[in-house]
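Reading the structure
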Amino acid sequence: MVGQTEEALTSHRVPYDVGRAKYSELAKSMMLGDAVGMLKLLFDRQTRKLLGVHAIGERATETAGL
């Protein structure tokens, strides 16, 4: 995990959007042979600035590009 969490953004009243993908939907995970896991990205609703990245699963740093 890198950056903000949904709980922190909510408590600070920061408007945000969430993007989620299962490992089975990600090309990088498919190339690595990982099928179980998820990637979640948190964005500022207005500027689209990336606020947080949460990758859960095997080789999460490789999958998320962290």
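Everything discussed here concerns the structure shown above.
Residues numbered from 1 in each chain as written. Predicted model: local features only at pLDDT ≥ 70, side-chain atom pairs only at ≥ 80, totals over all residues. Heavy atoms only, no water.

Topic: unusual backbone geometry
- One non-glycine residue, R13, lies in positive phi territory at about 55 degrees.
- Residue R13 is classed as exposed on the basis of its relative accessible area of 77%.
- Even without being a glycine, R48 presents a positive backbone phi close to 70 degrees.
- Among the structural elements, R48 can be located in the loop between β3 (37-44) and β4 (50-57). (Buried < 20%, exposed > 50% of the residue type's maximum accessible area, 1.4 Å probe, protein only. Helix = DSSP H or I, 4+ residues; strand = E, 2+ residues; numbered from the N terminus.)

Some thoughts on the nonpolar core
- Core analysis: the largest hydrophobic core is formed by 7 residues, namely A21, Y23, L26, L39, V53, A55 and A60.
- Each residue touching A60, except ones within four places of it in the same chain, is listed here: Y23 and A55. (Core = buried A, V, L, I, M, F, W, Y, C linked by side-chain atoms within 4.5 Å. Contact = heavy atoms within 4.5 Å.)

Overview of the sheet that holds β4
- Strand order across the open sheet formed by 4 strands is β1-β4-β3-β2, with antiparallel pairing between neighbours. Strands at the two margins of the open sheet, each flanked by one partner only, are β1 (2-3) and β2 (16-22).
- Two elements, β1 and β4, share 2 bridges in a ladder whose sense is antiparallel. Looking across to β4, one finds that V2 is bridged to V53. (Pairing = 2+ DSSP bridges.)

Considerations on the environment of G19
- Tracing the backbone shows G19 in strand β2.
- Overall, the relative accessible area of 27% leaves G19 in the partly exposed class.
- Through-space distance from the C-alpha of G19 to that of K40 is 5.6 Å; in sequence the pair is 21 residues apart.
- Non-local contacts of G19, meaning those with residues more than four positions away in its chain, are made with L39, K40 and L41.

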